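Fold and contact review
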Amino acid sequence: MHELGIISALVHTVEGIVREEGLTEVEKIVIEVGELSGIVPSYLEQCYPAAVYKTFMENTKLELVVVPGIVKCRGCGRIFNAAANDLQCPGCGGQDLEILEGNDMIVREIVCR
Ligand SMILES: [Zn+2]
């Protein structure tokens, strides 16, 4: 499970932003997780309490927003939702796909008191 490492990195990123902006307590963070990022949102939620334990984010709520994986078929140029179509082009059946959206995880929002 690499989700624990992901959250540790996330805590680090948020900490950097919080310091830079001169913020103190973070009430909530909103994270966008792409469907094609390889990160499982439910694992992320499970790991979160342990990962932020004894950090400045111990009382910070985690909100996840799942971003659909949008891909483009290199064969026919069709753009579609990857997960809904089982990673196969509904137009030509091709599987040579270019990921346009949903392959990463980003911090969308940091909510402070
Ligand atoms: Zn196609």
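This report concerns the structure included in the present document. Given the structure is predicted, the values throughout are model-derived calculations rather than measurements.

1. Brief notes about the sheet that holds strand 3 (residues 70–73)
- Read across the sheet, three strands follow the order 4-3-5 without closing on themselves; strand pairing throughout is antiparallel. The two strands at the open ends of the sheet, each matched to only one other strand, are strand 4 (79–81) and strand 5 (97–101). Each strand of the sheet is rotated relative to its neighbour by a mean of 35 degrees, with strand direction disregarded.
- As paired strands, strand 3 and strand 4 are joined by three bridges and run antiparallel to one another. Across the sheet, the residue bridging to Val 71 is Phe 80, located in strand 4.

2. A short note on the coordination of the zinc ion
- At the metal site, the zinc ion is ligated by Cys 73 (SG), Cys 76 (SG), Cys 89 (SG) and Cys 92 (SG), and these contacts range over 2.3 Å.
- For the zinc ion, the four donor atoms are set out with angles of 102 to 116 degrees between them, so the coordination reads as tetrahedral.
- Here the donor residues of the zinc ion share one chain and are spaced in sequence as C-x2-C-x12-C-x2-C.

About the criteria used
- Residues numbered from 1 in each chain as written.
- Predicted model: local features only at pLDDT ≥ 70, side-chain atom pairs only at ≥ 80, totals over all residues.
- Heavy atoms only, no water.
- Pairing = 2+ DSSP bridges.
- Helix = DSSP H or I, 4+ residues; strand = E, 2+ residues; numbered from the N terminus.
- Axes fitted to C-alpha atoms, helices over the stretch in contact; angles between N-to-C directions.
- Donors = N, O, S within 2.8 Å, 3.2 Å for Na, K, Ca; no water.
- Tetrahedral: all angles 85-135°; square planar, octahedral: opposite > 155°, others 65-115°.

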